[in-house]
Amino acid sequence: MADSTGGAQSGGGRLRRRLLAERASSYWLRGAGYFAVALFVLIVLTLLYKSLPLLSEYSLVRAITSANWDPAQNEFGFMPAIVGTIYVTGLSMLMGTPIAILAAIYIAEYAEGRTQALVSSFIDVLAAIPSVIFGLVALVVVVPFVGDYLAPAVGANATGLGILTVSLVMAIVVTPFMISLSVESLEALPDELRESSLGVGATKWETIRSVLLRAAGPGIFSAILLGFGRVFGATIVPAMLIGGQTHVPDSVFATGQTLPTLIVNDFGELMSLPLTQSALIFVGLMLVVVVWLFNFGAMLVRRRLQRRWQF
Amino acid sequence: MDRYAKQRLVGALVRGAAALVVAVMVLVVAVTVYRGGRVFLTNPSVVVTPPGSRYMLEAEGGFLHAVLGSIFIVGPATVVSAVLAVSTATYLQSDYSSERFSEVVNMFLNVLWGTPPIVYGVFVLTVIIAIGARTSLFFGIVAIAVFQYPIMTRYTDEALRSAPGTVREATYGLGATRFESAIMTARAALPGIVAGVIMGFARGIGDAATVLFTAGRSTRMPGGPFEPATTLPVLIFDQAMSFNAEVRSHAYAASFVLIVVVLGLILLSKLLAGRYARFAPGGRHS
């Protein structure tokens, strides 16, 4: 402003500078916008390209249905890891989902004031604890519990490392995430819904069940599906607790392998074998495709439910 | 069962579920602090001692290398990621993009947000193999930055969205360009953005799957950007699998350090978000 060269000229220069900044920033920001899409495309293409060597030499059907995983002999059967992943994902969702929804109802509808703030910040903390710490704590808490008490109680023989242990821990890891998303969608509902339902004589639970859970249904449903994706792609906890043996598990106490742990356990030693490398990158591709299908599915279901359960 | 008994039963159930989740959180933190704190307090120097050449076998030395590795990897990654995330969120929020395009980008961001971290690790490793490089600090930074980017964009987007619209109207009314208006909006949302960046940092510093294959699992001090390095979560993962009881006990000391850092970061971001709610022009008062 304090320019000695004259007001009009400096004003023009400043405007030019401002417009230049506007132009340059516009390019940069547009680039940043496209970056998100480009990153997505780049990841898929890279993984796909590197998976091709396996897929050209080894039939996809055989890879998925064969139970024989022996990279040294060029046998790449993903069946054990696929079954292990399904076991772990199914069990943890079975245990985690009801608790997550009930706890979300508590936070959104029952708790008030300080209690609510306290409980929800505890859940935020739980969500932020690194998963490697969950694994470590589970080694001294859950592993002995499953190995010394739970398995003998049902007459099974187990060391404590295995499918059930991983599922228990993953159920814990994934709940805070589902809780906060469900609470978000419950809290987004207008108070008139609650008031009018209570006003016609419904009890609190009837209001929650027939009105609130339905109105927040799309949000809760996509929270569950996204939680599904979380457990499915979990790496560190299964790698620490599943026992890492590549066979099709025959009970919930058995050790096993999940798709991500296959990568963790085998990458180090088998990097030098090109076909194995390709097989493990193909596992990465499978993870990506399934998780992304879940995401897109969650979005579609959410839209449909939103249309059906309007209030 | 009449409807009031059912009502009481449900009330007990939801309280029980919430209590269970809180109890688990307390248990995890307590076990880490108790076991880790004990090891840490009896020998605090283990955190700042460089590792010996036989660290993984005989617990020779400490794990300064992983502490430094975490700082050198997650610090730069957070800076890179924050710049990109704030730019993307600004692009989505302001008047640069059409609503339709924002929606598409948001969809991709959600998908990236849900992508398992191991996939980012494999992706970066694939790039490393393709260009014939080897695992190093630099690629650890790349992997963590890619991992943090969707998380931070989400938080930043939310912060910008809840910034008062009057700021934008006022700036345009005074003849500001889009960029100047975006800067003022970002300034109004700054505490929220900073809190989001801190949360991204906290997530980045706790993640092991992305750095497992990209930074290497070095047991030496980080030697430079293109030398292998390791981070605390990877170290804990390796220590926990060790056959040596003393190395395993170091895992608890390391996780004690990690959990203190992460809890501190969350507290910081909560404080900032709280300040934001109170001081933002026209924002929520609580």
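Residues numbered from 1 in each chain as written. Chains lettered and ligands numbered in written order. Predicted model: local features only at pLDDT ≥ 70, side-chain atom pairs only at ≥ 80, totals over all residues. Heavy atoms only, no water.

Engineer: How would you summarise the overall build of chain B if you had to cite specific residues and measurements?
Structural biologist: Helix and strand counts for chain B come out as eleven helices and zero strands. Helices (α) and strands (β) of chain B occur, in sequence order from the N terminus, as α-α-α-α-α-α-α-α-α-α-α. Structurally, chain B occupies a C-alpha span of about 70 × 65 × 35 Å along its principal axes. Across the 286 residues in chain B, those meeting the buried criterion constitute 55%. Contacts spanning at least 24 positions in sequence make up 72% of the contacts within chain B whose residues lie at least 6 apart. By element, 66% of the accessible surface of chain B is carried by carbon and sulfur atoms, the whole surface being about 12300 Å². Positive and negative side-chain charges of chain B, numbering 22 and 14 respectively, have mean locations separated by a distance of 8 Å. (Helix = DSSP H or I, 4+ residues; strand = E, 2+ residues; numbered from the N terminus. Buried < 20%, exposed > 50% of the residue type's maximum accessible area, 1.4 Å probe, protein only. Contact = heavy atoms within 4.5 Å. Areas by Shrake-Rupley, 256 points an atom, 1.4 Å probe, with all protein chains shown as cover. Lys, Arg positive; Asp, Glu negative; His and termini not counted. Charge placed at Lys NZ, Arg CZ, Asp CG, Glu CD.)

Engineer: Let's hear about the overall build of chain A: which residues, and what values?
Structural biologist: Counting its secondary structure elements, chain A contains 13 helices and two strands. Taking 19 Å as the expected radius of gyration for a compact globule of 311 residues, we find that chain A reaches 26 Å, considerably beyond that expectation. Across its three principal directions, the C-alpha atoms of chain A cover 85 × 65 × 40 Å. Every one of the 311 residues in chain A was classed for burial, and the buried ones make up 51%. Counted over contacts in chain A with a minimum sequence separation of 6, partners at least 24 positions apart contribute 71%. Summed over its atoms, the accessible surface of chain A is roughly 14200 Å², and 62% of this surface lies on carbon and sulfur atoms. Distance from the positive charge centre (19 side chains) to the negative charge centre (18 side chains) of chain A: 15 Å. (Rg over C-alpha atoms; globule rule 2.2 N^0.38 Å.)

Engineer: Describe helix α10 (residues 217-233) of chain A, listing the residues and the values that go with them.
Structural biologist: Spanning 17 residues, α10 of chain A covers 24 Å between terminal C-alpha atoms, matching the ideal 24 Å at 1.5 Å per step. Counting buried residues in α10 of chain A gives 13 out of 17 residues, a clear majority hidden from the surface. (Expected span 1.5 Å × (residues − 1).)

Engineer: Talk me through empty space enclosed by the protein; I want residue IDs and the actual numbers.
Structural biologist: Using the criterion set out here, one finds two cavities of 30 Å³ or more in the structure. By volume, the largest cavity amounts to about 50 Å³. Around the largest cavity, the lining residues are Phe177, Leu225, Leu226, Gly229, Arg230, Val291 and Asn295 of chain A together with Trp113 and Gly114 of chain B. Broken down by class, the residue content of the lining of the largest cavity amounts to five nonpolar, three polar and one charged. A volume near 40 Å³ is recorded for the second largest cavity. If you go around the second largest cavity, the residues you meet are Thr85, Val88, Thr89, Val231, Phe232, Ala234, Pro238, Thr258 and Pro260 of chain A. Residue contributions to the lining of the second largest cavity peak at three residues, all from helix α3 (residues 79-110) of chain A. (1 Å grid on protein atoms, 1.4 Å probe; cavity = no way out; pocket = protein on both sides within 12 Å on 5 of 7 lines; lining within 4 Å. Points joined across faces, edges and corners; volume = space filled by probe spheres on them. Nonpolar A, V, L, I, M, F, W, Y, C, P; charged D, E, K, R; others polar.)

Engineer: Residues and numbers for the interface of chain B and chain A, please.
Structural biologist: Between chain B and chain A, the contact holds 80 residues from the first and 80 residues from the second. Counting each side, the surface lost to burial between chain B and chain A is near 7200 Å², with a carbon and sulfur contribution of 79%. Of all residues in chain B, Val21, Phe108 and Phe123 of chain B give up the largest surface area on contact with chain A, accounting jointly for 8% of the area buried on that side. Where chain B touches chain A, the interface holds five salt bridges. A salt bridge links Glu22 of chain A to Arg178 of chain B; the nearest nitrogen and oxygen atoms lie 2.8 Å apart. (Buried area = accessible area lost by both parts, 1.4 Å probe. Salt bridge = Lys/Arg side-chain N within 4 Å of Asp/Glu carboxyl O.)

Engineer: Residue-level account of the pattern of salt bridges, with values.
Structural biologist: On inspection of all chains with the given rule, the structure shows eleven salt bridges over all chains. Here Glu180 of chain B makes a salt bridge to Arg18 of chain A, at a shortest N to O gap of 2.7 Å. With Glu180 of chain B in helix α8 (residues 178-188) and Arg18 of chain A in helix α1 (residues 7-57), this pair bridges two chains. Residue Arg18 of chain A is classed as partly exposed on the basis of its relative accessible area, which comes to 27%. Notably, a salt bridge pairs Arg62 of chain A with Glu75 of chain A, separated by 3.4 Å at the nearest N-O pair. Placement of Arg62 of chain A in helix α2 (residues 60-65) and of Glu75 of chain A in strand β2 (residues 75-76) is noted, with a sequence separation of 13 residues between them. Through salt bridges that share partners, Glu109, Asp191 and Arg194 of chain A make up one connected network.

Engineer: Let's hear about the layout of surface pockets: which residues, and what values?
Structural biologist: The computed volume of the second largest pocket comes to approximately 440 Å³. Those elements that provide at least two residues to the lining of the second largest pocket are α3, α5 (131-140), α6 (142-153) and α7 (163-187) of chain A together with α1 (3-42) of chain B. With six residues, the top contributor of residues to the lining of the second largest pocket is α1 of chain B.

Engineer: Tell me about the environment of Ala103 of chain A, residues and numbers included.
Structural biologist: By the secondary structure assignment, Ala103 of chain A is in helix α3. For Ala103 of chain A, a relative accessible area of 0% puts it in the buried group. C-alpha separation for the pair Ala103 of chain A and Thr175 of chain A, spaced 72 residues apart in sequence, amounts to 9.2 Å. Among all residues touching Ala103 of chain A, those that are not within four sequence positions of it are Ile179 of chain A together with Ala17, Ala18 and Val21 of chain B.

Engineer: So what's going on with the confidence of the model for chain B? Which residues, and what values?
Structural biologist: Residue and element names in this part refer to chain B. Looking at chain B, pLDDT values average 87 and 95% of them are 70 or higher. Per-element mean pLDDT across chain B ranges from 78 in helix α2 (residues 55-58) up to 93 in helix α3 (residues 64-93). Predicted confidence is poor over residues 282-286, with pLDDT under 50, and the contacts of this stretch with residues over four places away or in other chains come to seven contacts. (pLDDT = per-residue confidence, 0-100.)

Engineer: How would you sum up the packing of aromatic side chains? Please name residues and give values.
Structural biologist: Within this structure, the stated rule accounts for 16 aromatic pairs over all chains. For the ring pair Tyr34 of chain A and Phe101 of chain B, a centre distance of 4.9 Å and an interplane angle of 50 degrees mean the geometry is tilted. Placement of the pair is Tyr34 of chain A in helix α1 and Phe101 of chain B in helix α4 (residues 99-114), with the two residues belonging to separate chains. On the basis of an interplanar angle of 80 degrees and a centroid distance of 5.7 Å, the ring pair of Tyr58 of chain A and Phe76 of chain A is categorised as edge-to-face. Taken together, the residues span a long stretch of sequence, with Tyr58 of chain A in the loop between α1 and α2 and Phe76 of chain A in strand β2 at a distance of 18 residues. One exposure class covers both Tyr58 of chain A and Phe76 of chain A, and it is buried. By way of ring pairs, the aromatic residues Tyr58, Trp69, Phe76, Phe78 and Phe282 of chain A are connected into one cluster. (Phe/Tyr/Trp six-rings, centres within 6.5 Å; stacked < 30°, edge-to-face > 60°.)

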